[in-house]
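Structure at a glance
This is what each chain is made of:
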Amino acid sequence: MEQVSANRSHGGTQTVWTHQSAETLTAMTFSVFVPDHAPGARLPVLWYLSGLTCTHANVTEKGEYRAACAEAGVIFIAPDTSPRGDDVPDDEGYDFGKGAGFYVDATQEPWAANFRMRSYIEQELPELVAEQFPMADMDRQGITGHSMGGHGALTIALRNPSRFKSVSAFAPIVSPLDCPWGEKALGGYLGSDKAAWREYDACALIEDGARLPDLLVDQGEADGFLAEQLKTELLIKACVAAGQPATVRMQPGYDHSYYFISSFMAEHVGWHAARL
């Protein structure tokens, strides 16, 4: 790994790192905030997955998580959303290709070689963090995310319930099977067989028997993507039908932006800390 930057903030250290990924075959960048801690102490880890068009930098610069993480003693890790580089295939749309990896392992060409964000987030990056950050307690991991990253957080946790002790999301895409963003991304990366999409759809995973100990979701009622793309009501319906514990909070007046995310970030950090 190569350290890109390091800054003191809120009684901790915010760093940015880059490394060559064996999964995406590209250089990948991620940020890590580590609160000050006693020598030999081990701290729980909260992963944050970003949304469409974003990199690690969006939440790192605008997420307002550091004070809450420092107070709770929680490490905060923010990966990128997709592979980057001149040789990585791309699409003209903002909702496919670079910046829109959707946290899947692509099976279709020309995406299959590089777009392996599922394996990167589920396997490669956690192994790297465990090796390089000895203060990170990998037996106490939580995961959250925004929009496409909320979709990633929910589906990754539902597929790996023994690894993640806490799960939350901000304005997640709850059912890619039932929205234009999901149909474009999953169709392009995985092909036309929608049966193969179900493992990347939170509502479908819950319907198929996946369970979490608990779940927290915040969704802005003034979010312009709510009706067509996010469809929070489908997650509520799936959780009620399956008996999946979930707290879904509709927040009046809030939109899809980091003004919304930063308003509730400290509550999410505290929610995770209580469970980690």
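The rules we used
- Position numbers for residues count from 1 along each chain, tracking the sequence in the order it is written.
- Per-residue local features are limited, in this predicted model, to residues with pLDDT of at least 70; the limit for side-chain atom pairs, both in listing and counting, is 80 or more; totals at the level of whole chains, interfaces and linings are taken over all residues.
- Side-chain numbers here rest on the full set of heavy atoms in the structure, without hydrogens or water.
- The term salt bridge refers to a pairing of a side-chain nitrogen on Lys or Arg with a carboxyl oxygen on Asp or Glu at a separation within 4 Å.
- Only DSSP runs of H or I with at least four residues qualify as helices, and only runs of E with at least two residues qualify as strands; both kinds are numbered from the N terminus onward.
- Between buried and exposed lies partly exposed: a residue is buried under 20% and exposed over 50% of the maximum accessible area for its type, with that area taken using a 1.4 Å probe on protein chains only.

This next bit is on the pattern of salt bridges. For the coordinates displayed, the defined rule picks out 16 salt bridges. With a shortest N-O distance of 2.8 Å, Arg118 and Glu199 are connected by a salt bridge. Here Glu199 lies in the loop between helix 5 (180-190) and helix 6 (202-207) and Arg118 lies in helix 3 (residues 117-132), a separation of 81 residues in the sequence. By relative accessible area, Arg118 is classed as buried at 18%. Of the residues examined, Glu199 reaches a relative accessible area of 34% and is grouped as partly exposed. One salt bridge in this structure joins Glu122 and Arg159, with 2.8 Å as the shortest N-O distance. One end of the pair, Glu122, is in helix 3; the other, Arg159, is in helix 4 (residues 148-159), with 37 residues separating them in the sequence. In this structure, Glu122 and Arg159 share a single accessibility class: buried. Through salt bridges with shared partners, one network takes in Arg118, Glu122, Arg159 and Glu199.

That is the geometry; function is a separate question.
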